[in-house]
Amino acid sequence: MSLKRRLEHFRSLLTGMHMPEGQHAPSFEFSKYSLSFRDPRIEREYRDYRNAVVARSLPWLLGIISGLVMLGGVVDYLVFGGIAGSAGLLATRAAVDAIVLAGLILLVRGYRPRKLQYWIAGGLVAVHALWLVSTPLMAQNFVQYLGVLPVNILLTFIVSGLMFRHARWIGGAAALTYAGVILSSYPGAPWGPLFYLMVLSFYAAYAAYVAERARREAWIEKEAYERLLKNVLPPVIATRMQEGEHLIADSHEDACVLFADIVGFTEMSEKMTPRDLVDLLNEIFTRFDTITDDFDLEKIKTIGDCYMVAGGLPVSRRRDPERIALAALKMQEVVAEISAREEVDLKIRAGVHTGPVVAGVIGRRKFVYDLWGDTVNTASRLEGAAMPGTVSISAALRDELGPDFATEFVAEMQLKGKSAGFPVWKLTDHATMNLKVGGQDGRSLG
């Protein structure tokens, strides 16, 4: 599959899901020449990822380079026939080794610069500059030192971990400058080796280009999978699955469960085109997603025209019962607003209960994070027993709500699965519902 088709495939996966209003699927397109992502935010994410990968192998690389630089001193001694003759190159090697060892010490001591690419680029520029100072001396022993310059070029493009966007300029400039300095210092230098130095530089640049393009395409697939996983699963659960945890089943003693059903939608669907029907339902559920995010709740799933959301899991948060109660009231407002705008008769009925649940991931292919337990069943029964346009709550949830919530006793009902009459209350209002969602009555709850 081509990169373009992969991008279209991942974009369709991401944009095909409910995304909160104002948010858009990220663009994973990158330049054909610099290989930089066109979206600066995505480029930063890739750079951070790449830096983390490079930082893990960089200490070993620097240690090997340091050893090779010092070993080169022995070669200098053999080529020049004496310490005095190799003094210039030894000084260069000592300076290069000092740069390499300084980087090695920083990494070993745990220092991880955020702008690691610029540190690598700066180190390579310094190394190239030092070798350029010694190039006239090497030119006098052209045959013996012919391999030094290609090694530096390969180090820049392939070995160092420098991204192509930086390596192309540093490596290209170094190759041209090396050739120019050799020609000016050693007029008798054969053109053949210099030509092949340029050819090798080109191949090294091409190899670096192909390798980084492949890395970016692999990262795109990885990121698209992770984003998709975190869209269908809570981030905490998605992380656990990525770390290799296959069986996820957690108990939560104080979860809050909300079922919200759109009354009148089924009848209305018989009079609408499929496209209009899906567009309307998508708008409603997208607005519900926004409310869920604003109140820091966890969307569980949609079942036809029913929306299920929970609080208190996968991790508990401050004032979860109040969050879910406010979300239910806000969902009522959203449906009323859309109903008035579209001139249709839509209302929401909801049921909310709190208590213990079991939460986990089921399935292998189309896996889903789901809830089980009497609390879930009771919330569903409360939704079914609610009158259109109302929110039914249990006595357990009512006891958890603060004094700002207005409730009204409805009756003791015979709910399926309950042997005795179950007291049902109606949530009618909240004193601060006129405040903006996500501003004061949402995230400020903690």
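One can find the structure itself at the top, above this paragraph.
A. Looking closely at the environment of valine 257. Here valine 257 shows up in strand 1 (residues 249-263). Overall, valine 257 belongs to the buried group, its relative accessible area being 0%. Not counting residues within four places of it along the chain, the set of residues in contact with valine 257 comprises Met308, Val309, Ala310, Ile324, Gly351, Val352, His353, Val357, Leu371, Thr375, Val376 and Ala379.

B. Here's a closer look at the packing of aromatic side chains. In this structure the tally under the stated criterion is 14 aromatic pairs. Arranged with centres 5.9 Å apart and planes meeting at 65 degrees, the rings of phenylalanine 37 and tyrosine 46 form a pair that is edge-to-face. As far as burial versus exposure is concerned, phenylalanine 37 and tyrosine 46 are alike and both buried. Summarising the aromatic geometry, the rings of phenylalanine 37 and tryptophan 219 are spaced 5.5 Å apart at their centres and angled 50 degrees between planes, so their arrangement reads as tilted. Here phenylalanine 37 is found in the loop between helix 1 (3-15) and helix 2 (40-80), whereas its partner tryptophan 219 is found in helix 7 (residues 191-232), with 182 residues between them in sequence. Judged by relative accessible area, which is 4%, phenylalanine 37 ranks as buried. Under the relative-accessibility criterion, tryptophan 219 is labelled buried at 2%. Put simply, the rings of Phe28, Phe30, Phe37, Tyr46, Tyr49 and Trp219 touch in pairs and so form one group of aromatic residues. If you follow arginine 398 out to its NZ or CZ, it ends over the ring of tryptophan 425, 3.8 Å from the centre.

C. Broad picture of the pattern of salt bridges. Within the structure shown, the criterion is met by 19 salt bridges. The salt bridge partner of arginine 275 is aspartate 279, with a shortest N-O separation of 3.3 Å. Remark: aspartate 279 and arginine 275 occur in helix 10 (residues 274-294); sequence separation between them is four residues, near one turn of the helix. A residue is classified by how much of its surface remains accessible, and arginine 275, at 60% relative accessible area, is exposed. Residue arginine 287 is joined to glutamate 337 by a salt bridge in which the shortest nitrogen-to-oxygen separation is 3.0 Å. Separated by 50 residues along the polypeptide, arginine 287 in helix 10 and glutamate 337 in helix 11 (residues 320-342) bring together distant segments of the chain. Arginine 287 sits in the buried class, given a relative accessible area of 14%. Taking relative accessible area as the criterion, glutamate 337 reaches 43% and is therefore assigned partly exposed. Through salt bridges with shared partners, one network takes in Glu43, Arg165, Glu212 and Arg216.

D. The arrangement of the side chain of histidine 353 in detail. Its place among the elements puts histidine 353 in strand 4 (residues 347-362). Here histidine 353 falls in the buried class, since its relative accessible area comes to 9%. At a separation of 2.6 Å, a polar atom in the side chain of histidine 353 contacts the side chain of serine 394. With residues up to four places along the chain from it excluded, the contact list for histidine 353 reads Ala255, Cys256, Val257, Thr375, Thr378, Ala379, Leu382, Ser394, Ala396 and Phe422.

E. The nonpolar core, seen in detail. Judged by nonpolar contacts, the single largest core of 47 residues is most densely connected at Phe37 and Leu58. Elements with a minimum of two residues in this core: helix 2, helix 3 (87-108), helix 4 (116-139), helix 5 (148-159), helix 6 (164-185) and helix 7. Considering every element that reaches this core, the biggest residue donor is helix 2, with nine residues. Beyond its immediate sequence surroundings of up to four residues, leucine 58 is in contact with Leu107, Leu116, Ile120 and Ser160. Grouped together as the second largest cluster of nonpolar side chains are 38 residues, Leu326, Val334, Ile338 and Leu397 included.

Reading the values: rules and limits
Residues numbered from 1 in each chain as written. Predicted model: local features only at pLDDT ≥ 70, side-chain atom pairs only at ≥ 80, totals over all residues. Heavy atoms only, no water. Helix = DSSP H or I, 4+ residues; strand = E, 2+ residues; numbered from the N terminus. Buried < 20%, exposed > 50% of the residue type's maximum accessible area, 1.4 Å probe, protein only. Contact = heavy atoms within 4.5 Å. Phe/Tyr/Trp six-rings, centres within 6.5 Å; stacked < 30°, edge-to-face > 60°. Lys NZ or Arg CZ within 6 Å of the ring centre and 35° of its normal. Salt bridge = Lys/Arg side-chain N within 4 Å of Asp/Glu carboxyl O. Polar contact = N/O pair within 3.5 Å; in protein donor to acceptor, adjacent residues only side chain to side chain. Core = buried A, V, L, I, M, F, W, Y, C linked by side-chain atoms within 4.5 Å.

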